[in-house]
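Coordinate inspection notes
Here's the letter readout for the chains.
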Amino acid sequence: MSDRLSVFKTYKLYVGGKFPRSESGRVYEVTDPKGKWLANAPQSSRKDARDAVVAARKAFGGWSGATAYNRGQILYRIAEMLEGRKDQFTREVADAEGLSKSKAAAVVDAAIDRWVWYAGWTDKIAQVVGGANPVAGPYFNLSSPEPTGVVTVLAPQESSFLGLISVIAPVIATGNTVIVIASENSPLPALSLGEVLATSDLPGGVVNVLSGRTAEIAAPLAAHQDVNAIDLAGADDALAKDLEIAAADNLKRVLRPQPVDYAETPGIDRLTAFLETKTVWHPTGSLGASGSSY
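The structure contained in this document is the topic of the report that follows. Owing to the predicted nature of the structure, the values given are computational and were not obtained by experimental measurement.

A tally of helices and strands in the protein yields 10 helices and 10 strands. For 294 residues, the compact-globule estimate of 2.2 N^0.38 gives 19 Å, and the C-alpha radius of gyration of the protein, at 21 Å, lies within 12% of that figure. The C-alpha extent of the protein, read off along each of the three principal axes, is 95 × 40 × 35 Å. Relative to its full complement of 294 residues, the protein shows a buried share of 47%.

Below, the discussion takes up the pairing of strand β7 (residues 207-210). Along β7, one buried face is formed by V207 and V209 and the opposite face, lined by N208 and L210, is buried too. Judged from the four bridges that link them, strand β6 (residues 177-181) and β7 form a sheet pairing that is parallel. Following the sheet pairing, V178 is matched in β7 by V207. Handedness of the β6-helix α7 (residues 188-198)-β7 crossover: right-handed.

Our next topic: the sheet that holds strand β3 (residues 131-132). Paired through their backbone hydrogen bonds, the strands of a sheet run either parallel or antiparallel. One open sheet holds the three strands; their spatial order is β3-β4-β10, and the pairing between them is antiparallel. Lying at the two open borders of the sheet, with one neighbouring strand each, are β3 and β10 (275-283). Both strand β4 (residues 139-147) and β10 contribute to a ladder of nine bridges, which runs antiparallel. When the bridges of β10 are listed, Y139 appears paired with P283.

This next bit is on unusual backbone geometry. We note that L251 has phi near 60°; this positive angle belongs to a residue other than glycine. Considering the arrangement of structural elements, one finds L251 in the loop between α9 (237-247) and β9 (253-255). Residue class for L251 comes out exposed when judged on its relative accessible area of 76%.

To continue, consider the packing of aromatic side chains. Tallied over the full model, the rule gives five aromatic pairs. Plain terms: the ring middles of F8 and W37 are 5.7 Å apart, the flat faces sit at 75° to each other, and that makes the pair edge-to-face. Remark: W37 occurs in strand β2 (residues 37-42) and F8 occurs in the segment before β1 (27-31); sequence separation between them is 29 residues. On the basis of relative accessible area, F8 is assigned to the exposed category, the value being 60%. When the ring of W117 is compared with that of Y118, the centres are 5.1 Å apart and the planes differ by 80°; the resulting orientation is edge-to-face. According to the relative accessible area criterion, W117 is partly exposed, its value standing at 28%.

On to helix α8 (residues 214-223), then. Among the residues making up α8, those that are buried are T214, I217, A218, P220, L221 and A222. Where α8 is buried, its residues touch α1 (46-65), β5 (150-154), β6, β7, β8 (229-231) and α9.

Our focus in this paragraph is the pattern of salt bridges. Considering all chains together, one arrives at 14 salt bridges under this definition. Between E83 and K86 there is a salt bridge, with its nearest N and O atoms 3.0 Å apart. For K86, a relative accessible area of 23% corresponds to the partly exposed category. Across the pair E146 and K278 runs a salt bridge, and its minimum N-O distance is 2.9 Å.

Looking now at the layout of surface pockets. Each pocket or cavity is described by its volume, and for the largest pocket that value is around 500 Å³. Forming the walls of the largest pocket are 20 residues, and the residues nearest its centre are K9, Y11, L38, A39 and L188. Among the secondary structure elements, those contributing two or more residues to the lining of the largest pocket are β2 and α3 (86-97). Of the residues in the lining of the largest pocket, the class split is nine nonpolar, five polar and six charged. Here the second largest pocket defines a volume of roughly 290 Å³. Around the second largest pocket, the lining comprises 16 residues; the ones closest to its centre are V260, P266, G267, D269 and R270. Among the secondary structure elements, those contributing two or more residues to the lining of the second largest pocket are α4 (101-119) and α10 (269-272). Looking at the lining of the second largest pocket residue by residue, the classes come out as seven nonpolar, four polar and five charged.

Thresholds applied
- Residues numbered from 1 in each chain as written.
- Predicted model: local features only at pLDDT ≥ 70, side-chain atom pairs only at ≥ 80, totals over all residues.
- Heavy atoms only, no water.
- Helix = DSSP H or I, 4+ residues; strand = E, 2+ residues; numbered from the N terminus.
- Rg over C-alpha atoms; globule rule 2.2 N^0.38 Å.
- Buried < 20%, exposed > 50% of the residue type's maximum accessible area, 1.4 Å probe, protein only.
- Pairing = 2+ DSSP bridges.
- Right-handed = clockwise from strand over helix to strand, strands pointing away.
- Phe/Tyr/Trp six-rings, centres within 6.5 Å; stacked < 30°, edge-to-face > 60°.
- Contact = heavy atoms within 4.5 Å.
- Salt bridge = Lys/Arg side-chain N within 4 Å of Asp/Glu carboxyl O.
- 1 Å grid on protein atoms, 1.4 Å probe; cavity = no way out; pocket = protein on both sides within 12 Å on 5 of 7 lines; lining within 4 Å.
- Points joined across faces, edges and corners; volume = space filled by probe spheres on them.
- Nonpolar A, V, L, I, M, F, W, Y, C, P; charged D, E, K, R; others polar.

Structure representation (structure tokens):
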């Protein structure tokens, strides 16, 4: 029998590429579906939420300005690192969702595959939703997608890892930065994901992970004037209604909660949900004395 003392993990927030404790100093107990204690998770405050917005806004210029190819490389690097820590995430998902080891491993595999899938879309989505538009006149008319900005995402409550990946990856793949509120009852996989992001090539502030009481953290973010959009995937009907009203104050884009089977192959809806379309007109001009145009 081992005489070693257990080394319990201290989970922290992930904000601006760093691992702060909650400004409030509060924690709350995280248990498995049977009530067994797993860890203490930081309980984020309104100040933590505001700090996350500052970090996300600071990172937006560099991330949105990176080439789509470069973003795809970075997302693929994250998938590589997730693959290397697959055993850890399998344990955490099994504890969080009450799954057997084999079922949890299948969920983690699907989550990593989902991340790779979105990594492949970074330099292709513009070709799908943008292009040249026919016009009646001597003009080029070109439409291209651009990221919306800083996006708050309420992670799914029941799908602690596959659902989490499914709502984060498309937001950053298209050049946005994100503040994600982890599942209230199962935040540990999300907090561990922050450790992977910190040791990948992802710039600090592109993804910020908060844990705690979903309604408490989401309220100031929905009303924040420097948040451009909000995904209500993890909100119940009552909370979603309150947040949608708060979001209307600065005309945030709002993605309403809807039934989703995260095991199914996603379409591009979440990729396009937080994109704006920029349309540019340009005269075609003429070639030489003949007056022919191009």
